[in-house]
Amino acid sequence: GIEKIVAENQSGQVPIDRGLIGTVFGEPGKELRKQVMDELGVRMAMAPNDKFINLRGSQEKIDEAAEMINTFMKENYTEEMDIDQSDESVLVIGLNGAENYLQQMEKEFEVKVNLRKARHVVSIRGTEENVAKARASVSRFLYGGEGFCVLKVAVADSTLGIVIGKGGSNLQKLEKEFEGATLQVQRSSNTLLIRGTEEVVRPCWSSVVRMMATAKITETITIDSEQHDTVSATTVKRIMDNIPVAINVTEHSVKIRGTAADVRDAKLAVLDILGAGYEAKVDLCAQHFAKLRVAMKESSPFADIQSENDVVIEVDALSSSLGIKGKRANAKRAKLQIISFLESFYGDEFQKIKVARPLLKIIGDASKIGEISAISGALVFIDRDTSTIQGQGDPECVTKALAMVQGNLKEAEKLVFVAKFEPTDAWLIPKLIGKNGDVIQYLRDHSGCKVDVIRAESCVVISADEEETVQRGKQLLDNLVEKERKENVFIAIPEDAMPNFIGKGGANIKKLQEKYRVGIERMRKDPYRIHISGKTTSVAVTAKAVTDWLYNWESIYGSLVVPLNENELVGDDYFAPIENQFGVKVTVKKDALKLTVRGGSPDLRKDALKKIVEEMSKVRETAAARLAAERATAAEAEEEEEDDDEEEEDDEEEDEEEEETPAPPAPKPVVVPPQPTRTPVTNGTSRRGAPPRNGTNGHSREPAPPKASVAALGLLDMLVSTPSQMVSDTPQPPRAPEVPVAPAPSASGSQGGRALLNFLVSESTDNVSDNASEGQVTAAPARSTTYKSVSGFRVRV
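Conventions used here
- Residues numbered from 1 in each chain as written.
- Predicted model: local features only at pLDDT ≥ 70, side-chain atom pairs only at ≥ 80, totals over all residues.
- Heavy atoms only, no water.
- Helix = DSSP H or I, 4+ residues; strand = E, 2+ residues; numbered from the N terminus.
- Salt bridge = Lys/Arg side-chain N within 4 Å of Asp/Glu carboxyl O.
- Buried < 20%, exposed > 50% of the residue type's maximum accessible area, 1.4 Å probe, protein only.
- Expected span 1.5 Å × (residues − 1).
- Arc of directions from axis to C-beta.
- Phe/Tyr/Trp six-rings, centres within 6.5 Å; stacked < 30°, edge-to-face > 60°.
- Lys NZ or Arg CZ within 6 Å of the ring centre and 35° of its normal.
- Pairing = 2+ DSSP bridges.
- Axes fitted to C-alpha atoms, helices over the stretch in contact; angles between N-to-C directions.
- Contact = heavy atoms within 4.5 Å.
- Left-handed = near helix turned anticlockwise from the far one by under 90°.
- Nonpolar A, V, L, I, M, F, W, Y, C, P; charged D, E, K, R; others polar.
- Polar contact = N/O pair within 3.5 Å; in protein donor to acceptor, adjacent residues only side chain to side chain.
- 1 Å grid on protein atoms, 1.4 Å probe; cavity = no way out; pocket = protein on both sides within 12 Å on 5 of 7 lines; lining within 4 Å.
- Points joined across faces, edges and corners; volume = space filled by probe spheres on them.

Caption draft 1: Layout of unusual backbone geometry. Phi at serine 387 takes a positive value of approximately 55°, unusual for a residue other than glycine. Among the secondary structure elements, serine 387 is positioned in the loop between β17 (379–383) and β18 (388–392). Here serine 458, not a glycine, exhibits a phi torsion of approximately 50°, which is positive. Inspection of the secondary structure puts serine 458 in the loop between β20 (450–454) and β21 (459–463).

Next up, the structure:
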């Protein structure tokens, strides 16, 4: 009975990996559990720590079940590998009716493979050796390796039909032309995958890129009558000047024709004009887009950019791009921040070069860009918002692509010259245009070039069919600019000097104008700058006269102003030595927290200011030291106050004890002997060697305590408690040895005694001199001391 029960209820454990728990106790392990539990009669369950399988039954059956479980786990080793969501369809869709890749892999490696779409992972189950082989095969199939190449091309939705062809004819044509390559479209992301050996995949990829770059498409935007009035001929011309597309506006639609990238940019511009809102795009190659999506699984790297600029950033999987929607200025600012992030994120795989906008249209021709991409192996994009050309892909390929772009740019600059003017020289643009455009027409007629002025970008564009013609136009432009700079001079006038320069009712300016026959006016946007215009010689002489006047004014009225902090405030007389040394006047305005240096030459003012800066550093150090000392004093006072409170509490406890204790017997009267003279301490230290608490030079600013005679001190000892019962606010200086005196008539002290005490203490300052004679005591300076009598009253001296 009992022995049988014990024999049939033995226990055992089998170690198990967490990844195999679902396999053993799930659907795959159904047959195993049936054999172990039903046929062998062994109960099996997971241990609480999820590290073992607990078995219960006879020892013989437990050993047999453990062997079956170990064999099962060995044959069902499982691994999972993460994949990009866009690659899922490639694994489960067969080509031309054939088995899909996962089915082929199961047969080849004798494993079980499942695609877990919810988690975007591939689960492979089998022996550990076979699982490793199958995993390597999946990686090679998706990403290439070991002589196998996989390239991805993001295809715009508008050109997808052109790439595929009717019934897939274009894909079949490509596979036939590049034998050994297989082409497959991922519909979920509009990505074309090209697989095969390196020798056939690269040329096939280049052919697809050329096809996409040159394919012409048409986009139609439906509009109403109100929107039709918004799309004017001038607006359409401006778009077509910047983007090589054809735009046709009808009563109910706007049709745009050109290459896919150009049409998209033109469409966004038209939609912005129609009031649909501004949208900027950031294009990415397929590999970069997949890498970015993996990084965005946990958190978006663009959340801060989105909130900071008040824009909406969207991920467009069908075009492998990012869309930024919002106000034009905000969207452009956000786009620059995104591009800066991408440069850091991808490193050398993402590079760009800046191109002058007029040149962008020339070197950004779709066929040229497509050819650069096809030859270099990197995808090249035009970004019109930032006026850049970007290269993406393998670092070596990107470097090669941008070098080709730079070569095209140099060639373009031979036939197109762009003169870019800084904002401070924007006044030159209207001068170069001239009245009714006569100056720009002069340039065109005498150079034989096409000359355009782009006001929005403050630049002049000169182009021609021959390099010599362009150089002639450039020389004429340089001559005109030089002439205008000589005939137009701008001089800054200090704010304080402007009233003196103008004169009452502009009298001084009128005199200058009449004397030198020039025009002088204050700038509207910068009222402290003047514009002198006229003939070259007259302008030069006038400018010199104004400069000389400014130098003289600076010598007399010129000033330098420096802001101050509150801890740097000092009186004007503090800088008297500096004023005498440099011949300047220094003024400190405490309410405005600023210091002004006036007079002297500009060089002397600068030298004086340098000296003042040195002095102010000393002022700051002194202020800092004073603040530290004040804080230390305050902390010490707070500690002393806390000590007083604690001592008063102790005194109250002692009072209670003394009420129960009889008064001690009165001591015998004794005669007070003469005491040695005490010399006051005057070296700046206390009796205990501590530094003085307040004041400078070792002297206390507190009033000196009253000096007491020997008789007063003796009477004090009679009226108050013994030294052992004395409570002091601070450590006391040394006193003469304590001498017992005759006790008062009562233990509590008479009223007359207390009155006499007050009289003697107050009168002692008049009766005792600093140079006391023998038999007197000169009181040393000390802090206030509190004495407590036996009866409980306190006296503070």
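Caption draft 2: Fine view of the pattern of salt bridges. According to the stated counting rule, one finds 30 salt bridges in the structure shown. In this structure, aspartate 241 and lysine 237 form a salt bridge, with 3.1 Å as the shortest nitrogen-oxygen distance. On the criterion of helical spacing, the pair formed by aspartate 241 and lysine 237 is a turn pair, its members being four residues apart in helix α12 (residues 233–242). Judged by its relative accessible area of 39%, aspartate 241 falls in the partly exposed class. Each member of the salt-bridge network shares a partner with another, and the members are Asp262, Arg264, Asp265, Asp283 and Arg384.

Caption draft 3: Representation of helix α22 (residues 467–487) in the model. Compared with the 30 Å implied by 1.5 Å per residue over 21 residues, the 31 Å span of α22 between its first and last C-alpha is a close match. Taken together, the buried positions of α22 are occupied by Thr469, Val470, Gly473, Leu476, Leu477, Leu480, Val481, Glu484 and Glu487. Buried residues in α22, looked at end-on, bunch into an arc of 135°, giving them a common side.

Caption draft 4: Broad picture of the packing of aromatic side chains. Taken as a whole and judged by the stated rule, the model has eight aromatic pairs. Members of the aromatic cluster, each reached through a chain of ring pairs, are Phe302, Phe341, Phe345, Tyr346 and Phe350. Across from the ring centre of phenylalanine 141, 3.9 Å away, lies the NZ or CZ of arginine 195, which sits over that ring. Its end group placed over the ring of phenylalanine 345, lysine 291 keeps NZ or CZ at 5.4 Å from the ring centre.

Caption draft 5: Up close: the sheet that holds strand β2 (residues 43–46). Strand order in the open sheet made by the three strands is β1-β3-β2, with antiparallel pairing throughout. Across the chains shown, the open sheet's two edge strands, defined by having one partner strand only, are β1 (10–15) and β2. When strand polarity is set aside, the average angle formed by the axes of neighbouring strands in this sheet is 25°. Pairing analysis gives six bridges linking β1 to strand β3 (residues 52–57), with the strands arranged antiparallel. The residue of β3 that forms the bridge with serine 11 is arginine 56. Against the sheet, helix α4 (residues 59–75) engages β1, β2 and β3, with an angle of about 15° to β1.

Caption draft 6: Focus on the side chain of serine 458. The exposure class assigned to serine 458 is buried, which follows from its relative accessible area of 15%. When neighbours within four sequence positions are excluded, serine 458 is seen to be in contact with Ala419, Lys420, Phe421, Ala426 and Ile429.

Caption draft 7: The packing of helix α21 (residues 438–447) against α22, seen in detail. At a closest axis distance of 9 Å, the pairing of α21 and α22 adopts a crossing angle of 145°. Crossing angle aside, the handedness with which α21 passes α22 is right-handed. The segment α21 lies against α22, with Val439, Tyr442, Leu443, His446 and Ser447 engaging Thr469, Arg472, Gly473, Leu476, Leu477 and Leu480. When its residues are assigned to classes, the contact of α21 with α22 shows six nonpolar, four polar and one charged.

Caption draft 8: Spotlight on the environment of threonine 218. By secondary structure assignment, the location of threonine 218 is in strand β10 (residues 216–222). The spacing of threonine 218 and alanine 246 is 28 residues in sequence and 9.4 Å in space, taken between C-alpha atoms. At 2.7 Å, the side chain of threonine 218 and the side chain of arginine 257 are in polar contact.

Caption draft 9: Representation of the layout of surface pockets within the structure. By volume, the largest pocket is sized at about 1,400 Å³. Residue lining of the largest pocket: 41 residues in total, with Arg238, Asp241, Asn242, Arg357 and Glu457 positioned closest to the centre. Secondary-structure elements contributing two or more residues to the lining of the largest pocket are α12, α13 (260–273), β13 (278–283), α16 (328–346), α17 (357–363), β17, β20 and β21. Taken together, the residues of the lining of the largest pocket sort by class into 18 nonpolar, three polar and 20 charged.

Caption draft 10: Here's a closer look at the environment of isoleucine 164. Turning to its location among the elements, isoleucine 164 is positioned in helix α8 (residues 157–164). Once the C-alpha coordinates of isoleucine 164 and valine 185 are considered, the two residues, 21 residues apart in sequence, prove to be 8.4 Å apart. Beyond its immediate chain neighbours, meaning those up to four positions away, isoleucine 164 contacts Ser169, Asn170, Leu171, Val185 and Arg187.

Caption draft 11: Highlighting helix α19 (residues 395–415). With 21 residues, α19 should reach 30 Å at 1.5 Å per residue; the first-to-last C-alpha distance of 31 Å fits that figure. Among the residues of α19, those classed as buried are Cys397, Val398, Ala401, Leu402, Val405, Leu409 and Ala412. Looking straight down α19, one finds its buried side chains confined to an arc of 120°; they lie on one side. Along α19, exposed side chains directed more than 90 degrees from the buried face belong to Glu396 and Lys410. Contact partners of the buried residues in α19: β16 (350–354), α17, α18 (366–376), β17, β18 and β19 (416–420).

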